[in-house]
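Notes for the structure review
Single-letter residue listing:
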Amino acid sequence: MRGIIFLLLVFLTTSLQAKAISVVSDYLVNDTLELIEGTSKIYSIRLQNPSDYEAAIRLDYDDTLMKVIDYREVYNLAPKDTAYRILFNVTAPDKLGIYRASYTVSEVEPAGGGAVPIRLKINRGFYIKVTEDPNKFHIDYDYAAYIAVALVFLLYVFWKKNKARKGIRKFKKFL
């Protein structure tokens, strides 16, 4: 029993020395960024290096929906740096829907000082919900088809009534 307690205390004290890179991102309700079609918005993440050594970080991201402002191949984070900001320009496509955007932050070289070097990789993502522009006029083609069928039907009925009236007039002229 004493051995188990001693091992737990050793693990607890060594875990206090564990420091790793981390990523902090902007808060999004339900992890969803809402954009109006064709517009763009800035989304930011912050890289943090709480260790006593410099860290080299690589950023990989999905470039179909977003672009990094001031992109670099490798980001060098100073020791104890807690606020290195990376800005994404997220652009909504013209088609309505919900899209997934993701990025991966990984260590190029593990920070020194540890007995076992581990290269960390953090993969995060969020959803982009594209909504209609309320200032534009939108046509719902399903309703437009129903309206067109109704107009054709009304024109047909009107034409039949007019044709029937012309027939009665001709009959009266004949008498």
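The sections below set out a description of the structure shown in this document. Keep in mind that what you see is a predicted model, and the values were worked out from it rather than measured.

**A look at the overall build of the chain**
Helix and strand counts for the chain stand at 2 helices and 9 strands. In sequence order, the chain lays out its α and β elements as α-β-β-β-β-β-β-β-β-β-α. Here the chain, with 175 residues, has 22% of them falling under the buried criterion. For the chain, the exposed surface amounts to about 13200 Å²; the carbon and sulfur share of it is 60%.

**As for the pattern of salt bridges**
Under the defined criterion, the tally for this structure stands at 3 salt bridges. Among the ionic pairs, Arg 72 bridges to Asp 70, the shortest N-O distance being 3.7 Å. Judged by its relative accessible area of 36%, Arg 72 falls in the partly exposed class. Relative accessible area serves as the criterion here: at 55%, Asp 70 is assigned to the exposed category.

**A short note on the pairing of strand 9 (residues 121–131)**
Alignment of strand 2 (residues 32–36) against strand 9, held across 5 bridges, turns out to be parallel. Pairing of Thr 32 across the sheet is with Tyr 127, part of strand 9. Judged from the 10 bridges that link them, strand 8 (residues 97–109) and strand 9 form a sheet pairing that is antiparallel. The residue bridging Ala 101 from the neighbouring strand is Phe 126, located in strand 9.

**A short note on a nonpolar patch on the surface**
A contiguous nonpolar surface patch, about 1100 Å² in accessible area, is contributed by Tyr 143, Tyr 146, Ile 147, Leu 151, Phe 153, Leu 154, Tyr 156, Val 157 and Trp 159. Looking at the secondary structure, you find Val 157 in helix 2 (residues 141–174).

**A short note on unusual backbone geometry**
Positioned with a positive phi, Asn 30 is a non-glycine residue whose angle comes to about 55 degrees. Within the fold, Asn 30 resides in the loop between strand 1 (22–25) and strand 2. For Asn 30, a relative accessible area of 69% corresponds to the exposed category. Even without glycine at this site, Asp 70 takes up a positive phi of about 60 degrees. By secondary structure assignment, the location of Asp 70 is in the loop between strand 5 (66–69) and strand 6 (75–77).

**Description of the sheet that holds strand 8**
Ordered by their spatial adjacency, 5 strands build an open sheet running 2-9-8-4-6, and the pairing between neighbours is mixed. In the strand order of this sheet, the two ends are held by strand 2 and strand 6, each with one partner. When the angles between neighbouring strand axes are averaged without regard to direction, this sheet yields 30 degrees.

**Considering the environment of Ala 55**
You can see Ala 55 is positioned in strand 4 (residues 55–61). Residues Ala 55 and Tyr 75 lie 20 residues apart in sequence; the distance between their C-alpha atoms is 8.2 Å. Contact partners of Ala 55, with chain neighbours within four places excluded, come to Ile 21, Asn 49, Tyr 75, Asn 76, Leu 77 and Glu 107.

**With respect to the nonpolar core**
The biggest cluster of nonpolar side chains holds 27 residues, and the ones touching the most others in it are Tyr 103 and Phe 126. Listing elements by their share of this core, those giving two or more residues are strand 2, strand 3 (40–49), strand 4, strand 5, strand 6, strand 7 (81–91), strand 8 and strand 9. When residues in this core are grouped by element, the largest group, 4 residues, is from strand 7. Other than its neighbours up to four places away in sequence, Phe 126 contacts Leu 28, Asp 31, Leu 33, Tyr 43, Met 66, Val 90, Tyr 99, Arg 100, Ala 101 and Tyr 103.

Cut-offs applied
- Residues numbered from 1 in each chain as written.
- Predicted model: local features only at pLDDT ≥ 70, side-chain atom pairs only at ≥ 80, totals over all residues.
- Heavy atoms only, no water.
- Helix = DSSP H or I, 4+ residues; strand = E, 2+ residues; numbered from the N terminus.
- Buried < 20%, exposed > 50% of the residue type's maximum accessible area, 1.4 Å probe, protein only.
- Areas by Shrake-Rupley, 256 points an atom, 1.4 Å probe, with all protein chains shown as cover.
- Salt bridge = Lys/Arg side-chain N within 4 Å of Asp/Glu carboxyl O.
- Pairing = 2+ DSSP bridges.
- Patch = residues over 30% accessible without salt bridge, like charges linked within 9 Å, V, L, I, M, F, W, Y side chains within 5 Å.
- Axes fitted to C-alpha atoms, helices over the stretch in contact; angles between N-to-C directions.
- Contact = heavy atoms within 4.5 Å.
- Core = buried A, V, L, I, M, F, W, Y, C linked by side-chain atoms within 4.5 Å.

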